[in-house]
Every structure is written in structure tokens, then in C-alpha cells.
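Structural overview
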Amino acid sequence: MEQLKGRVIYKGKGEGEALTTSMPISFYGGVDPNTGEVIEKGHELQGKRVKGKILVFPTGKGSTVGSYTLYRMKKNGTAPAGIINKECETIVAVGAIISEIPCIDKVDIARIKTGDIVRIEDGTVTLVQD
Amino acid sequence: MNLTEKEQRMLDGEEGYAVRKSMEILVALGDIYGAERLIKVGSVQVAGVSYHNLGDAGLEFLNELAKDGRVKVLTTLNPAGMDLENWRNLGISEEFAQKQNMVIEAFEKMGILVSCTCTPYLIGNLPRYGEHVAWSESSAVTFANSVIGARTNREGGPSALAAAFVGKTPCYGLHLDENRVPDIHVKVNADLTKFSDWGALGYAIGKKAENKIPYITGIDEAGLDELKSFCASVVTYGAKPLFYMKGITPGAETCQVPKDTVEVEQSDIREAYDNINDEVTDIDFVCVGCPHCSIKEIAEIAELLRGKRVAENTEFWVATSRSAKQLADKRGYTQVIERAGGKFACDTCMAVAPLKGRFKALATTSAKGCFYSRQNNMKTKMGSLEECIMAAVTGKWSS
């Protein structure tokens with residue numbers, strides 16, 4: 001099993017199917033908190049649902065209100081099971097912390113493909129099955 | 001990041017949920033941005049107050065924090081989604097008002113002053129030169145860093161709250177000397193002849209100095225209101241929340257002029273207007289006060305509106321802080337403006353009130369106001385106060 005090392009933004013364990021993109025994500029306006037569907041026009045993940053997935057993307061973007069969107073998704077049961085970033089920024093970091101979603105960054109995200117079964121545990125990403 | 005024993009205990013939960021969550025946020029941000037330690041802040045300005053932006057999730061989170069979270073330093077609040085007293089008169093729905101009041105109650109429980117203004121520096125939250133603060137609200141952050149010479153990063157709502165509960169913020173970014181060095185020299189060759197030109201200048205410089213700290217020369221004079229407008233515009237349209245203006249702002253005399261130079265000509269100012277202004281004649285909404293009107297601006301509005309009447313199908317709003325309105329009440333400005341058919345929108349503004357679908361076309365003095373109103377599907381016109389009052393009175397844009 002391949003393991004990738006990263007930096008813990010929010011501790012905890014998460015496991016699920018990876019959903020990956022090379023594009024930044026804006027949670028406010030870019031993801032529907034009621035369904036967990038990516039709705040940003042022209043986004044690689046447009047139409048995909050992040051619910052229960054290990055969401056892998058380079059970094060966050062957009063309005064700081066996005067932190068609350070993640071919190072709302074967690075309450076609605078539409079949040080990802082974990083977040084892996086290349087470089088985490090304020091919006092996603094704060095969102096993960098207040099929503100208690102395991103989150104790590106400084107990971108070579110190109111190694112993870114959509115559909116891989118991935119486990120996050122503290123600072124380590126394990127590719128359980130790829 | 002290195003924590004003191006006391007800070008570590010706060011992170012471990014010694015002071016309860018709100019402080020623990022706050023420490024988690026501050027430590028994570030400190031690690032992300034390479035801070036070595038936390039530093040004390042003199043005050044906090046919290047954004048993310050309008051229920052329109054927070055939604056039920058935000059409200060729920062604030063209620064969670066309000067259970068045991070109490071602020072440790074002077075903390076003021078950004079505008080809400082409505083006038084907290086006179087919301088009916090502004091056409092706000094009962095449901096919205098109820099939710100907005102719940103948001104405000106949560107903040108009050110935390111010990112925050114319900115100032116509801118984007119100009120905290122006008123109502124008693126005025127840092128000194130060099131003081132570390134943790135502010136959100138980009139226009140106020142830019143004013144604090146540039147006009148006052150205080151030090152703050154551009155915080156989001158939750159990170160500002162976290163700083164308030166801990167009384168500290170991670171020391172990185174604009175808290176450090178090395179990150180406050182200007183990196184582009186902006187020579188202004190244009191004449192600024194009316195108030196809205198400051199918004200246009202902010203637009204032009206924001207675009208030319210994207211994500212940079214401009215060192216601006218060629219400006220002879222700028223008052224509080226001009227600077228407040230410029231701060232809002234320059235950061236909305238792309239610059240970092242810090243600039244130096246030679247002869248006007250502190251620190252400009254001692255910093256080294258950057259080699260990288262761009263010029264702002266009269267044509268750049270015209271181009272800013274062309275980009276901000278839409279093709280539209282009929283105006284159904286005129287709003288002045290982004291950032292919130294100072295008492296001086298309210299006096300000017302009253303003078304221009306005296307004896308006139310706002311057009312029947314046009315709304316005219318003066319967005320300001322409650323404390324500025326109280327001065328206006330005493331001086332009789334409120335009466336003049338209301339007698340003409342104008343309305344005061346205290347505690348709120350055009351950027352955060354739930355206005356989507358209510359108006360077709362806005363006239364304002366503010367470049368930032370135009371940016372946010374476009375997101376509410378309005379056509380926009382930016383002009384001088386005189387032009388805006390004319391639009392309010394005639395329902396038409398005339399220049």
C-alpha cells in the first residue's frame with residue numbers, strides 16, 4: 001500500500017473513494033450545500049457529488065463565507081469524508097476545523113486518482129486500493 | 001508554531017469549546033502561513049454578520065460558539081443584512097429579520113459591540129500606529145494598515161472571532177515588517193476632480209497592482225472620506241490591503257520607492273468609469289455610504305437634498321452607522337433627508353442586505369458598491385454625490 005506524507009490541518013480519520021481535480025474549489029457558490037454537488041460552471045467536477053468522498057484538490061478559492069458552507073454540508077450530511085490539498089488556505093482550513101472534517105495538505109496530489117480508495121489518518125494518506 | 005504553556009492549555013480545552021476551536025483555527029493558520037508564535041491584538045473587527053451570507057449553518061455555528069465564547073478584547077461588528085431598528089421601512093421580510101436578530105443575539109452574548117459598521121475606526125475602534133489588530137472587512141483592513149499604520153491581515157469572519165476569543169492572532173503576513181514593503185510604484189498623473197474619482201482611482205490601481213503593495217505618488221490632498229472610498233475600491237479590485245501614499249499616509253516617507261513603476265493617466269480613470277458603469281438611464285435605487293457615510297458626508301447629502309423630493313419610483317438610501325445617524329438626528333440632517341423621501345439604512349449596506357431581484361439599476365458614489373451590486377444583478381452607475389442626488393430626484397441618470 002502506497003503511503004503519502006502530509007501536514008495535518010485538522011486531525012482525525014477518514015476513508016473513502018477519492019474525487020480528484022486539478023482546479024481550485026470555491027465552496028461558497030461553487031458547491032450546493034444541500035446536495036454536495038459541485039455547481040461551478042466550467043469546473044472539472046461540475047455535476048459530481050463530494051458527499052462521503054475524499055476530496056482531493058490543489059487549494060481553496062473565493063469568498064471566506066465558504067468556511068460556513070463546509071459547516072453547513074457537514075450538518076446536512078453532504079460533506080466530504082476528508083480533504084486533501086496541495087496547499088491549504090484559510091477558507092478550507094477554517095471550514096475543515098469548524099466542521100471537524102479530517103484535512104491534510106502538502107501532499108503530492110497527482111499520485112491520487114479519482115476512484116482510488118484512500119484513507120487519511122493524521123499526517124498520512126494511504127492508498128488502500130488503486 | 002511555538003505555544004506558551006497557557007496557550008497549549010487553551011488548545012487542550014481548558015477554557016472550553018469556543019477557545020479550543022479558536023486555538024485550533026489560529027494554530028492551523030499559523031502553521032499554514034509560517035507564523036512562529038501568537039501575538040496580542042488590541043482589537044478585533046468581525047465580518048460575516050448578514051444572515052443573507054451566513055445562512056442557517058453560520059447561525060448554528062455562532063450559537064455553538066456563543067455558549068461559552070466571550071471576547072477578550074474590544075470587538076466590533078460589520079454591517080448586518082438590515083437596519084436593526086427600521087428594517088420594515090427598508091422592505092426586509094419578517095422571516096429574514098427574525099433570523100438576523102438571532103445572529104445579532106449570538107454576537108451580543110459573546111460580548112461583541114453591536115456596532116454593525118464597516119467603519120469601526122469612526123465609532124471608537126481606532127488602533128494606534130503600529131498596533132497589531134485582527135480585522136476582517138477588506139475596506140477597514142486596508143484603512144487600518146494604510147491610513148492608520150496599524151497591522152492586520154485580511155481576516156475572515158471565523159478567524160477574526162477566534163482572535164477575539166483568544167486575544168491573539170498568529171504573527172505572519174502584514175504583522176511583519178518584511179511583508180509591509182511596497183513592491184510597485186504607482187505614479188498618478190490624473191486629476192481627481194470629483195469624489196467618485198477616488199473609487200475610479202482605486203479601480204485603476206487595484207488592476208495595475210494586482211496582489212501587490214502600491215507606493216502611490218502624485219496625490220496632493222486626500223481627506224478621510226476620499227481615503228475611505230479609495231481603500232474600499234483598491235482592495236476590491238485587486239491590490240493587497242496595504243498601500244503607501246506619499247505625503248498622506250504614515251510610513252511613506254521612510255520606505256524605499258520601488259523600482260517597478262506604472263503610471264495612472266486620465267485615460268485610466270475614464271476606463272475605470274467605463275468598466276464600472278453600465279448602459280442604463282432609469283435608476284430605481286440610489287445608495288450612498290459604501291463604506292458607511294461619515295457625519296460630514298451626511299451633512300453634504302442633507303445640503304444637496306434640502307427642499308427636493310426623491311422620485312416616486314426610486315429608493316434613496318443613506319447607509320451609515322447608528323452613531324453617525326444619532327449625530328445627524330441632533331443636527332437636523334435626518335429630518336431634511338427623510339422629509340425629502342430619503343431613508344436611512346443604519347447597521348447595513350448595499351453589499352450585504354438581501355437585495356437580489358429588488359432593484360434594476362443602482363446609482364452610487366462607490367466603486368465597491370457597484371462591484372457587489374452587480375452580483376445582485378443590478379446595472380450600476382457611479383458618480384459624484386451631486387449626480388447621485390440628481391438621479392434620486394429625477395429617477396434618471398443624466399450625464
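Structure first, text after, so check above.
Let me sum up the structure you'll find in this document.

Calculation notes
- Residues numbered from 1 in each chain as written.
- Chains lettered and ligands numbered in written order.
- Predicted model: local features only at pLDDT ≥ 70, side-chain atom pairs only at ≥ 80, totals over all residues.
- Heavy atoms only, no water.
- Pairing = 2+ DSSP bridges.
- Helix = DSSP H or I, 4+ residues; strand = E, 2+ residues; numbered from the N terminus.
- Phe/Tyr/Trp six-rings, centres within 6.5 Å; stacked < 30°, edge-to-face > 60°.
- Buried < 20%, exposed > 50% of the residue type's maximum accessible area, 1.4 Å probe, protein only.
- Arc of directions from axis to C-beta.
- Contact = heavy atoms within 4.5 Å.
- Polar contact = N/O pair within 3.5 Å; in protein donor to acceptor, adjacent residues only side chain to side chain.
- Salt bridge = Lys/Arg side-chain N within 4 Å of Asp/Glu carboxyl O.
- Core = buried A, V, L, I, M, F, W, Y, C linked by side-chain atoms within 4.5 Å.
- Domains from an automatic or database assignment.

**Considering the sheet that holds strand S9 (residues 244-245) of chain B**
Residues and elements named next belong to chain B. The sheet built from four strands is open, its strands ordered S9-S8-S7-S10 with parallel pairing. Each edge of the open sheet carries a strand with a single partner, namely S9 and strand S10 (261-264). Examined bridge by bridge, strand S7 (residues 184-188) and S10 share four bridges and lie parallel to one another. Bridge assignment links His185 to a residue of S10, and that residue is Thr261.

**A word on the packing of aromatic side chains**
Think of a pair of aromatic rings as described by two things: how far the centres are apart, and how the planes are tilted against each other in angle. All names here are of chain B. Tallying each qualifying case throughout the model produces 13 aromatic pairs over all chains. Ring geometry for Phe230 versus Phe243: centroids 4.9 Å apart, planes at 90 degrees, classification edge-to-face. Of this pair, Phe230 sits in helix H8 (residues 224-236) while Phe243 sits in the loop between H8 and S9, and the two are 13 residues apart along the sequence. With respect to burial, Phe230 and Phe243 carry one shared label: buried. Pairing Phe285 with Trp317 gives two aromatic rings, centres 5.0 Å apart and planes at 85 degrees, and the pair type is edge-to-face. Residue Phe285 is located in strand S11 (residues 285-293), and its partner Trp317 is located in strand S12 (residues 315-320); the two are separated by 32 residues in the primary sequence. A network of ring pairs unites the aromatic residues Tyr203, Tyr237, Phe371 and Tyr372 as a single cluster.

**Overview of helix H9 (residues 266-276) of chain B**
Residue and element names in this part refer to chain B. The set of residues buried in H9 consists of Asp268, Ile269, Ala272, Tyr273 and Ile276. Burial along H9 is one-sided: seen end-on, the buried residues are contained in an arc of 145 degrees. Facing away from the buried side of H9 by more than 90 degrees, the exposed set consists of Arg270 and Asp274. On the buried face of H9, the contacting elements are helix H7 (196-208), S10, helix H13 (367-375) and strand S15 (379-382).

**Focus on the pairing of strand S10 (residues 124-129) of chain A**
Alignment of strand S1 (residues 2-5) of chain A against S10(A), held across four bridges, turns out to be antiparallel. By the bridge assignment, Glu2(A) is partnered in S10(A) with Leu127(A).

**A short note on unusual backbone geometry**
Outside of glycine, negative phi angles account for most residues, and trans bonds account for most peptide bonds. The amide bond that connects Cys290(B) to the next residue, Pro291(B), takes the cis arrangement and shows omega of -5 degrees. Inspection of the secondary structure puts Pro291(B) in strand S11. Even without a glycine there, the phi angle at Lys106(A) is positive, about 60 degrees. Along the chain, Lys106(A) falls in the loop between strand S8 (103-105) and strand S9 (117-121). Positive phi outside glycine occurs at Cys116(B), with the angle close to 45 degrees.

**Digging into the environment of Thr76(B)**
Residues and elements named next belong to chain B. Along the chain, the position of Thr76 falls in strand S3 (residues 74-77). Residue classification places Thr76 among the buried residues on the basis of a relative accessible area of 1%. Each C-alpha atom, one on Thr76 and one on Ser50, is 14 Å from the other, the two residues being 26 residues apart in sequence. Beyond its immediate stretch of four places on either side in the chain, Thr76 contacts Val44, Gln45, Val46, Ile112, Leu113, Ser115, Pro120, Ile123 and Asn125. Separated by 2.6 Å, the side chains of Thr76 and Gln45 make a polar contact. One polar contact links Thr76 to Asn125, side chain to side chain, over a distance of 2.8 Å.

**Focus on the pattern of salt bridges**
Tallying each qualifying case throughout the model produces 35 salt bridges over all chains. Residue Glu24(B) pairs with Lys11(A) through a salt bridge whose shortest N-O separation is 3.6 Å. Taken together, the positions of Glu24(B) in helix H2 (residues 17-32) and Lys11(A) in the loop between strand S2 (7-10) and strand S3 (13-20) put the pair across two chains. You can call Glu24(B) buried: its relative accessible area is 11%. The residue Lys168(B) makes a salt bridge to Glu7(B) at a minimum N-O spacing of 2.8 Å. One end of the pair, Lys168(B), is in strand S6 (residues 168-170); the other, Glu7(B), is in helix H1 (residues 5-11), with 161 residues separating them in the sequence. Overall, the relative accessible area of 3% leaves Glu7(B) in the buried class. Each member of the salt-bridge network shares a partner with another, and the members are Lys11(A), Glu100(A), Arg20(B), Lys21(B) and Glu24(B).

**Structural notes on the nonpolar core**
Counting 88 residues, the largest nonpolar core has Phe27(A), Val44(B), Leu62(B), Phe107(B), Met110(B), Leu161(B) and Phe285(B) as its most contacted members. If one sorts the elements of this core by residue count, H2(B) sits on top with nine residues. When residues are assigned to domains, this core turns out to be shared by domain 1 (5-177) and domain 3 (277-394) of chain B, each giving three or more. Residues within four places of Phe285(B) in sequence aside, it is in contact with Thr314(B), Glu315(B), Trp317(B), Met350(B), Leu355(B), Phe359(B), Ala361(B), Leu362(B), Ala363(B) and Met378(B).

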